[in-house]
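Listed below, chain by chain, are the residues.
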Amino acid sequence: MEQTNAPKIALVTGASRGLGAALSELLSAEYHIVAVARTTGALEELDDRIQARGGSATLAPMDITNRDAMAQLCRSIYDRWGKIDLWAHTAVHATALTPADHIMAKDWDKSMAVNATATGVLIPYISPLLGDKGTAVFFDDPKAGEKLYGAYGATKAAQIALARSWQKETERLGPRVVITEPDPMPTATRARFHPGEDREALNAPMDVAKKLLDQLFT
């Protein structure tokens, strides 16, 4: 049951850096942030920045591919707040670019686990927390079918295909499912794909996050 006078809650998976961190900082002006990422140190640095802005966060240093841990997190969120208002799923795994016939099994398995399987597990976990009024946001990066993007492109496409199905299924009943393609940013993921690129010419994650939130809530 939703608790009365509960704060607005934003769950950010992949919150430690890049777009996830920028969204967490900006959202903290109006939401309590539940920040999920594997790197404890980066989450603590994010928490410092959120507190400096006058916001608050709950840090959840865990791997989204750990089903038991994510189930426990969702249960804890339900027990404490009864719901979430927003889920931003920014977590992604990017392997090095390689021809399809050179993909290593461990790289394929991790890409599938993070980009596709975890999404299929998390949607059923998180949907009841969102209810019919919450919003879920996914971030497309259409590389499927491009040379050298085999593992990343295929698994990211699987994630977005699942999100699109959920989007169509919830058009009338909710929650609201948003799929957007962010502007290029100087993230670790992009650096892996474009080594030597002029990062100064790319869009700062904070600017992309501001643009996204303007699109979502205006």
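Only a predicted model underlies this, so the values are computations on that prediction, with no experimental measurement involved.

Rules used throughout
Residues numbered from 1 in each chain as written. Predicted model: local features only at pLDDT ≥ 70, side-chain atom pairs only at ≥ 80, totals over all residues. Heavy atoms only, no water. Helix = DSSP H or I, 4+ residues; strand = E, 2+ residues; numbered from the N terminus. Buried < 20%, exposed > 50% of the residue type's maximum accessible area, 1.4 Å probe, protein only. Contact = heavy atoms within 4.5 Å. Pairing = 2+ DSSP bridges. Right-handed = clockwise from strand over helix to strand, strands pointing away. Axes fitted to C-alpha atoms, helices over the stretch in contact; angles between N-to-C directions. Parallel < 35°, antiparallel > 145°, perpendicular 65-115°, else oblique. Left-handed = near helix turned anticlockwise from the far one by under 90°. Nonpolar A, V, L, I, M, F, W, Y, C, P; charged D, E, K, R; others polar.

Participant: Is there a simple way to explain the side chain of Thr-135 in this structure?
Facilitator: Looking at the secondary structure, you find Thr-135 in strand E5 (residues 135–139). By relative accessible area, Thr-135 is classed as buried at 7%. Residues contacting Thr-135, with those up to four places away along its chain left out, are Asp-85, Leu-86, Trp-87, Leu-130, Arg-176 and Val-178.

Participant: Would you explain the pairing of strand E2 (residues 32–37) in this entry?
Facilitator: Look at any regular strand and the pattern is simple: side chains alternate between the two faces of the sheet. Judged by how many residues are buried, E2 sits mostly within the fold: 6 of 6 residues are covered. Neither face of E2 is exposed, since His-32, Val-34 and Val-36 on one face and Ile-33, Ala-35 and Ala-37 on the opposite face are all buried. Pairing between strand E1 (residues 9–13) and E2: 5 bridges, direction parallel. Each bridged residue has a counterpart across the sheet, and for Leu-11 the counterpart in E2 is Val-34. In this structure, E2 lies alongside strand E3 (residues 57–61), joined through 5 bridges in parallel fashion. Across the sheet, residue Val-36 finds its bridge partner in E3, namely Ala-60. Between the parallel elements E2 and E3, the chain passes through helix H2 (residues 40–52) in a crossover that is right-handed.

Participant: I keep staring at the sheet that holds E3 and nothing clicks. Help me out?
Facilitator: Backbone hydrogen bonds hold the strands of a sheet together, and the pairing may be parallel or antiparallel. Spatial strand order, E3-E2-E1-E4-E5-E6: 6 strands in an open sheet with parallel pairing. With one partner strand each, in any of the chains shown, E3 and strand E6 (176–180) form the two edges of the open sheet. When strand polarity is set aside, the average angle formed by the axes of neighbouring strands in this sheet is 15°. Bridge analysis of E5 against E6 gives 5 bridges, and the strand direction is parallel. Bridging across to E6, Thr-135 finds its partner in Arg-176. Docked against the sheet, helix H1 (residues 18–27) engages E1, E2, strand E4 (86–89) and E5, running at close to 170° with respect to E1.

Participant: Any chance you could explain the packing of helix H3 (residues 67–81) against helix H4 (residues 105–130) here in plain terms?
Facilitator: To describe two helices that pack against each other, one gives the angle between their axes and the distance between the axes. Packing of H3 against H4 leaves a shortest axis separation of 10 Å and a crossing angle of 15°. In terms of orientation, H3 lies roughly parallel with respect to H4. In terms of crossing hand, the pair formed by H3 and H4 is right-handed. Together, Arg-67, Met-70, Ala-71, Cys-74, Ile-77 and Tyr-78 of H3 and Thr-117, Val-121, Leu-122, Tyr-125, Ile-126 and Leu-129 of H4 make up the contact between the two elements. Here the contact of H3 with H4 is built from residues that sort into 10 nonpolar, 1 polar and 1 charged.

These results come straight from atomic positions and should not be treated as a statement about function.
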